[in-house]
Structure formats: C-alpha cells, structure tokens
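# Close look at the chain arrangement
For reference, the chains in residue letters:
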2 protein chains.
Amino acid sequence: MKKVDTESRQKSILNAIVESYVDSATPVGSRAIAQRFRNAISPATIRNVMADLEELGLIMQPHTSAGRVPTDRGYRFYVDSLLEPKHLTKEEESVINKLIHALGSDIEYAMQNASKAISIVTNVAGVVLMPRLKRSIFKHIELFNMDDSRILAVIVTTSGFVKNSIMDFEEHLTRQELTRITEFLNSELEGVSLGDIKSYLTRKLLEERDSFYTFLKRAADILSVPGLFKADDHLYFDGAACIMSHPEFMDIKKARLFLRACEDKKGLLNLLNQDMELEGVKIHIGKENLYNEIQELSIVTCNYKVNDMTVGAIAAIGPTRMEYGRVISVLKYISNELGKELESLG
Amino acid sequence: MKKVDTESRQKSILNAIVESYVDSATPVGSRAIAQRFRNAISPATIRNVMADLEELGLIMQPHTSAGRVPTDRGYRFYVDSLLEPKHLTKEEESVINKLIHALGSDIEYAMQNASKAISIVTNVAGVVLMPRLKRSIFKHIELFNMDDSRILAVIVTTSGFVKNSIMDFEEHLTRQELTRITEFLNSELEGVSLGDIKSYLTRKLLEERDSFYTFLKRAADILSVPGLFKADDHLYFDGAACIMSHPEFMDIKKARLFLRACEDKKGLLNLLNQDMELEGVKIHIGKENLYNEIQELSIVTCNYKVNDMTVGAIAAIGPTRMEYGRVISVLKYISNELGKELESLG
DNA sequence: ATTAGCACTCTAACAGTTAGAGTGCTATTT
DNA sequence: AAATAGCACTCTAACTGTTAGAGTGCTAAT
C-alpha cells in the first residue's frame, strides 16, 4: 500500500476547506471536499482528517452535524503556508489604472480613487492613508505674513507634497526678517525629514549660544507649531456599501459593528502607521491582534512608496472570510500604481 | 353642541400620527392616538379622520388592518405646517461645542468633527461640505518656482482659507518675473471672488492689447490651470454605523441602498451645492426630488457662513422617519458654530 | 490505512393554529 | 349632525409540530 504523507494531506484538505468556505460562505462538509478532490479521497477519510484539523484548532463546527468552518488560526495557517498568489486579470488592472491614473487628477483624487479601486476590485472596503509628511524630506519652505500676528508657512517636500500651515506668532516679523529666516531654513534643512526638523533645530539651538541664538529661536518657533502635521492624519475610505453584500452581515448587528470599526479612524490610523514600517503585505485576521472589539473582521495592509521611500499605506477591510489571495495581489498592485501616480503628480 | 373645526383637528391628528410614528417606528393605530389625546377624542372618531387623511394622501396603511404610516406628502405637510422648533439641551450643545471648538484644531478637524457632531446628536449620518473656494474672496497670492517647469501658487482668501496648486508651465519664469506677476495679481485681484478670477483676467486681457499683453497673459495662464478648485469637492462624512440602529434597515438590502446613496459623492455634492444658494434649512423627503434611486431617505441641509458669507453647507441623511424638528435645530446650531470656528481659524 | 454503512443530531423549511391589533361599518347616543 | 360604542372581519407575528436533508462519529469490513 502506498504510503501517504498525512501532514501534506491535512494541508491540502485545509486548503480545500478554506477555499470552499471563502467561496460558498456555508460550512463545508466532507462530501463537498471529496468532490473537490474528484473523489480521489472518500468522505469518510476526509472526516477523519477533519477531526484532526479540528483538534489542531484550525477548523471548527458551528454546531454538531454542520460542516466545518476555518478558525482564525486556520486562516492564519492558510495565508502563511498554503496561499498561492493570484494574478489580476487585464480587466481588473485596467479598472484600477483608469481610476488611479485619471486625467487631470490631483493627490486628493488619486487617494480617493485608490480607496474606491480597492473596494471595487476586491469587494471589501478600501482604506488609503495620506502620505506621511513626517517621513517626507524637506525641500523648500516659504514664509509670509498673512497679517500682523500670523504667518503662513508653505513647505514643499522632495516627493512633491505641499503642506501649508497658518501659525499665530505673538511678535510681528518684518518682511526682511521673514526672508532671512526663509533663506536660512532653506539652506539649513535640505535633506532633513519633516519629522526630524524639530529635534534638528533644537540641537542647533543648543550648539549656537551666540548672537545667532535669537534668530534661530524664531525659526525653530515657527516650525514647532503643533498642527503642522495634523491634517495628514486623514484616511480615505470607500466601499461601506459593498461590504453589505457579504452574507455574514445578514445580521444587522454584525453589520453595525463592522461599520463602527470602519469609522474608528484612530484605531485604523494606528494600525496603518504601524504596519507602514514593514515592507509588503501584512494580514490581521479576526481577533488575532485587532485594535478593535472582538469580531469576524480581517484587515490586509500594504505600504506604498514614492521615489523608493515608504510614505503611506493602503488597506482592505472585510470579513475574515475573504479572498486573501486576490486581496493581497490587488493591494500590491494598487500600492505600486498609487506610488507611481504620486510620483508623476509630485 | 360645540362646533369642531375639522381642519384643525385633522392637522393635530396628523401631527400626532407623525410624531408617534417617528418615535415608535411602527404603524400607529387609532387607539394609540386617542391615548395621546388623553381620550378626549375616541378611537372611532380618529378612525374617521384617519380615513380622510388617507384620502388626502397624507397617510397610508402598509396593509389592511395595520396602523397608519405617514406618506412623503404627509411628512412634507408636517414639516411645512405643523413642525414646531425643538430646543437643544445644554448637554447636546456642549457635546457639539466640544467637538467643533476643539483645542489646537484646524480646518480638516473642524470639518470632520462637525460631521461627527451631526451624526452623534441626531443619530443619522452627517455630511459636511468643504468651504467653496469659488465663493471666497481673493486676498493674497504667492508664486514660486518649484523647479524648471513648475510653479507653486499659494492663494489666501479673506476668510483665511489657503489653497495651493502646482502647475506645469512650459516656459521658465525667472524669479523677477514671478515677483512682478505676484505683485500685479495681488494689486489687481483684491476683492475678486476666486470663481470670477478667470473671467476677470480674460476681460482685462481683451482691454489691454498693448505691450502689457504678454505679461497679463502669463498671469492669466497661471491662474486658469484646471484643478485649482478641484480638491475642494470634498465631503466629510460620519455616522454610517449609527444609521444601522434604525429599524427600517433591518432589511439588509435597504441598508445597502442607503449606504450606496451615502457614498454617491457626486449626487450629494450636487445637492449641497444647489441648496447652499438658499438661506437656512432645506428638506428633501423621500422620493420627492432626490437625486437618487427611489428609497425611503430624507436629506436635510443647511448652509454655513464665514464672515456673513455663505461658503458651504452641512447635511443630515437618514430614513424619512426622522426627527425633523431636532435635526433642523441641530443643523442650524452646528452650521452656526462651524462658521464661528472657521472664522477663528481663518 | 481506508472505506462503507448506519444511527444520530441539528437545521431550515413548511404548514397549521392562535392571539392580538387594527380596521370599517352600522346602530346608537348626544 | 357629529361623535361614539359595538361588532365582524382581516391581517400579522409568533408559536407549534413535522419533515427532509445534510453532516457527523463510530464501527465493522476491506
């Protein structure tokens, strides 16, 4: 009798279970799996394997004598070890490109459309994180007086982002003074990342205790205004409606919890900011490590780059029963296209 | 026998029906109304009046022998003729103020929080339209070269909004030329609304056919770049989740249609842009004149002002069965507070 | 080691019944 | 003439019991 590698059979059966469940949204029974293998394995055998998988905590039964459903751990194993990459079709790529590389676009539009693209192609909600200013490199600054007490600062980064900020400033600076400060900052800060400007200037401030001090102090004051980086904590979201097409949200209460999670900007922001530091696609399954209330919800994230520098992240949010393979490919593709688009805009 | 004014009785009964239905979300029967009048009128009489109201098309029965439900026309009559203003409680005002007048806020935050405030206090979705740049008055412009082929324009309005725009410009302008153009535009355009700049410059261009022409042409070119006003077609949205608490969305399909309507930025934008032109609160009930698919959905909008000038609008979106009185008061209050906040930021 | 067979369990769907809410009509009262 | 009480009727929502089907676990056979 030919020896069978039990472990690899378990794997391929788990794989079949996950894919069948993702596809059908109903608990999958031994018969269905047997058919998937063209009856090369009998339902009875599969039942035995299933019992093992259940013991391993990878699948579970919603109730006695129902089919099996993957657990969070089951999905985890699936995405870590079994998942094979899906290719996007030409049509899907074309849909994405049309949205992201729209004519006469600007950053806002590109962001908004990227989130829409995610939701349309994957059929789950899409989120896009604004490029992180803090990680962008200082290129140029302009300052001018708006009125007696306020200064408008316009900062341009190497990746082409522009940020302006109005700041109250107790003492009036003359145009000459402003020009000097502007010139100073421009020569001094080239190549410093926006997030480091403050500490950079503070360090300078400690070194220079001479006549230059007051001058430097003013420059530092101008740039240390809180709120300089505030507005870029912004998320673009799309696809709340298409989420409702998933059968898991037949129950309104679940739908509501889901929407609540989607509206929790702070939580999402944290997650994205964190995931952004790592390269490539990250997957958070169910209650694994979600910032949020216990619920059947997965988040897949991916960083995006402008000029080889990670500046932001995009994500897909949906039920744990999600086509991870497709979602991963889509996020990879979109993050890449978005980066290109931003480069062309910047 | 004391003479009864049938018409006024009809009105007060319609009023009772609407309020009872808004409150309970279940069709209201004659008994319930009688109790509302402390049995000063018997159920039988009320039934007769109800039959009349039904004939007038103001109420209807979902099925024989169910209670009555207001029709769109019924709601319309109610909001036009019966509705009496509700006052906000101190707590509600305080919740709103805390959100809108948050410390260290900026425009983005104020907008976002205004939409959140709407949804929290009214329990329906809140939408806020970015201040319309086109309606803002030009105050100041600064131009500088980003690189050989691109110019960064920063425009400040009298209401304190700042808009920047990067534009490709085939021929390189020297710093001197840019300074001259900047000075020219600043002296020339003071007090012109941003929406009128283009036609204003074109007119000038026709008048001046002398040596000044090329110069003016350049200035006009710079400001006629499409996309100058693009990014402010932005809506802030909040409260998708709290919508789901309404019993009309027990049916997932309705919930989905509703969310789809909320995500239809274009439609909402049109509606808000249109309503903005009128002073005060506007109400769109059900299929009355909605941009959208036929569905039980009402939108209440209100313009908001900065320095006595209407610059934007806010809205509440919910099921037709909505507490119109409260929603109206809340929108009035929030639009006012939002205006004040923007003034203080601007 | 695998599979066939069987008893068992659980659910979803259906039909039948009932209680309750609400109506419209008519006869009666004011 | 206007308002009301009473009554027959209708419709729904909730509950029951029943059944078909899907799926399991176990055991015995291959």
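### Side note on the packing of aromatic side chains
Residue and element names in this part refer to chain B. Under the definition given, this model contains four aromatic pairs over all chains. Residues Y75 and Y324 carry aromatic rings whose centres are separated by 5.7 Å and whose planes lie at 55 degrees to one another, so their mutual orientation is tilted. Separated by 249 residues along the polypeptide, Y75 in helix 4 (residues 72–82) and Y324 in helix 13 (residues 324–345) bring together distant segments of the chain. Taking relative accessible area as the criterion, Y324 reaches 1% and is therefore assigned buried.

### Looking at the pairing of strand 9 (residues 297–306) of chain A
Residues and elements named next belong to chain A. The buried fraction of strand 9 amounts to nine of the ten residues, a majority that puts the element mostly inside the structure. The pairing of strand 8 (residues 281–284) with strand 9 spans four bridges and is antiparallel. In the sheet register, K282 faces strand 9, and the bridge partner there is T301. Sheet topology places strand 9 next to strand 10 (residues 309–319); ten bridges connect them, and they run antiparallel. Note that in strand 10 the partner of K305 across the bridge is T310.

### Focus on the protein's contact with DNA strand C
The local shell around DNA strand C holds 19 residues, among which R9, T45 and S65 of chain A together with S30 and R68 of chain B are the closest. Each atom of DNA strand C within 4 Å of the protein was assigned to sugar, phosphate or base; sugar and phosphate come to 74%. Side-chain polar atom of R47 of chain A to a base oxygen of DNA strand C: 3.5 Å apart, as the coordinates give it. Considering each element in turn, the surface near DNA strand C owes the most residues, four residues, to helix 3 (residues 43–55) of chain A. Here the surface near DNA strand C is built from residues that sort into four nonpolar, eleven polar and four charged.

### Observations concerning the sheet that holds strand 6 (residues 162–168) of chain A
All names here are of chain A. Read across the open sheet, the three strands follow the order 4-5-6; overall the sheet is antiparallel. Both outer strands of the open sheet, strand 4 (138–147) and strand 6, are each paired with one neighbouring strand and no more. When strand polarity is set aside, the average angle formed by the axes of neighbouring strands in this sheet is 20 degrees. Note: strand 4 against strand 5 (residues 150–157), eight bridges, orientation antiparallel. Counterpart to D147 in the pairing with strand 5 is R150.

### Some points on the interface of chain B and chain A
Contacts between the two partners involve 39 residues from chain B and, on the opposite side, 39 residues from chain A. Taking both partners together, chain B and chain A bury about 3,600 Å²; carbon and sulfur atoms supply 58% of that area. One can count zero salt bridges joining chain B with chain A. Run the count over chain B and chain A and you get four residue pairs in polar contact (both at pLDDT 80 or more). Among the secondary structure elements, those contributing two or more residues to the side of chain B that touches chain A are helix 6 (107–122), strand 4 (138–147), strand 5 (150–157), strand 6 (162–168), strand 7 (235–238), helix 10 (240–243) and helix 11 (252–263) of chain B. Top contributing element to the side of chain B that touches chain A by residue count: helix 11 of chain B, with five residues. Residues that form the side of chain B that touches chain A fall into these classes: 19 nonpolar, nine polar and eleven charged.

### Describing the protein's contact with DNA strand D
Among the 20 residues in the neighbourhood of DNA strand D, the closest are listed as S30 and R68 of chain A together with R9, T45 and S65 of chain B. Here DNA strand D approaches the protein such that, of its atoms within 4 Å, sugar and phosphate make up 78%. R68 of chain A has a polar side-chain atom sitting 3.0 Å from a phosphate oxygen of DNA strand D. Within the side chain of R47 of chain B, an N or O atom sits 3.4 Å from a base oxygen of DNA strand D. Those elements giving two or more residues to the surface near DNA strand D turn out to be helix 3 of chain A together with helix 3 (43–55) of chain B. For the surface near DNA strand D, the leading source of residues is helix 3 of chain B, giving four residues.

### A word on the state of the cysteines
Under the counting rule described, the total for this entry stands at zero disulfides over all chains. Left without a disulfide partner, C302 of chain A is nearest to the cysteine sulfur of C262 of chain A, which lies 19 Å away. Its sulfur unpaired, C242 of chain B is 9.9 Å from the next cysteine sulfur, which belongs to C262 of chain B.

### A closer look at the confidence of the model for chain A
Per-residue confidence for chain A averages 87 on the pLDDT scale, and 93% of its residues sit at or above 70. Here helix 9 (residues 212–223) of chain A is the element of chain A with the lowest mean pLDDT, 74, and helix 5 (residues 90–100) of chain A is the one with the highest, 97.

### Points about a positive patch on the surface
Residues K116, K265 and K266 of chain A together with K116, K265 and K266 of chain B make up a contiguous surface patch of positive charge. Among the elements of the structure, helix 12 (265–276) of chain A together with helix 12 (265–276) of chain B are those that each provide at least two residues to the positive patch. Among the structural elements, K265 of chain B can be located in helix 12. Residue classification places K265 of chain B among the partly exposed residues on the basis of a relative accessible area of 33%.

### Quick notes on the domain arrangement of chain A
Residues and elements named next belong to chain A. Domain parsing of chain A yields domain 1 (6–82), domain 2 (90–130 + 234–345) and domain 3 (134–230). With eight residues of domain 2 at the contact, the number on the domain 3 side is four residues. Between domain 2 and domain 3, the buried area comes to about 600 Å², and carbon and sulfur atoms account for 62% of it. Looking at the side of domain 2 facing domain 3, the largest losses of area belong to I107, M309 and V311, adding up to 44% of the total buried there. Here domain 2 and domain 3 share one salt bridge between them. A salt bridge links R135 to E277; the nearest nitrogen and oxygen atoms lie 3.2 Å apart.

### Details of the environment of I252 of chain A
Residues and elements named next belong to chain A. In this fold, I252 is placed in helix 11 (residues 252–263). Residue class for I252 comes out buried when judged on its relative accessible area of 11%. As a C-alpha pair, I252 and S65 span 187 residues in sequence and 26 Å in three-dimensional space.

Thresholds, definitions, all that
- Per chain, residues are indexed from 1 in the order of the written sequence.
- Chains and ligands are labelled sequentially in the order written, the chains with letters from A and the ligands with numbers from 1.
- The predicted nature of this model means local features are confined to residues of pLDDT at least 70 and side-chain atom pairs, given and counted, to a pLDDT of 80 or more, with totals for whole chains, interfaces and linings taken over all residues.
- Note that the side-chain values use all heavy atoms of the structure and ignore hydrogens as well as water.
- Centres within 6.5 Å are what make two rings of Phe, Tyr or Trp a pair, Trp counting through its six-membered ring; a difference in plane orientation under 30 degrees is then read as stacked, over 60 as edge-to-face, and the rest as tilted.
- Comment: elements are numbered from the N terminus, with helices defined as DSSP H or I runs of at least four residues and strands as E runs of at least two.
- Partly exposed residues are those whose accessible area sits between 20% and 50% of the maximum for their type, while under 20% is buried and over 50% is exposed, using a 1.4 Å probe and protein chains only.
- In this description, strands pair whenever DSSP reports at least two bridges between them.
- By convention in this text, a residue qualifies as near a molecule or strand provided that one of its non-hydrogen atoms is within 4 Å of it.
- Any pair of N or O atoms that falls within 3.5 Å is considered a polar contact. Within protein, one atom must be able to donate a hydrogen and the other to accept it, and sequence-neighbouring residues count only if both atoms are side-chain atoms.
- Gly falls in the polar group here, along with every residue not listed as nonpolar (Ala, Val, Leu, Ile, Met, Phe, Trp, Tyr, Cys, Pro) or charged (Asp, Glu, Lys, Arg).
- Under this scheme, a helix contributes an axis fitted over its contacting stretch, all axes are lines through C-alpha atoms, and angles between N-to-C directions fall in the 0 to 180 degree range.
- Only heavy atoms enter the contact rule, under which two residues are in contact if any of them lie within 4.5 Å.
- Two parts placed together each lose some accessible area under a 1.4 Å probe, and adding up what both lose gives the buried area.
- We define a salt bridge as a contact between a side-chain nitrogen of Lys or Arg and a carboxyl oxygen of Asp or Glu at a distance within 4 Å.
- By disulfide we mean two sulfur atoms from cysteines, separated by a distance within 2.5 Å.
- Every residue carries a pLDDT, the predictor's confidence in it, which falls somewhere between 0 and 100.
- Candidates for patches are residues over 30% relative accessible area with no salt bridge; among them, like charges are joined within 9 Å and nonpolar side chains (Val, Leu, Ile, Met, Phe, Trp, Tyr) within 5 Å.
- Here, Shrake-Rupley sampling with a 1.4 Å probe gives the accessible areas, and only protein chains in the shown set may cover a residue.
- Counting rule applied: Lys, Arg positive; Asp, Glu negative; His and chain ends not counted.
- Here the site of a charge means atom NZ of a Lys, CZ of an Arg, CG of an Asp or CD of a Glu.
- How far each domain reaches was decided by an automatic or database domain assignment.

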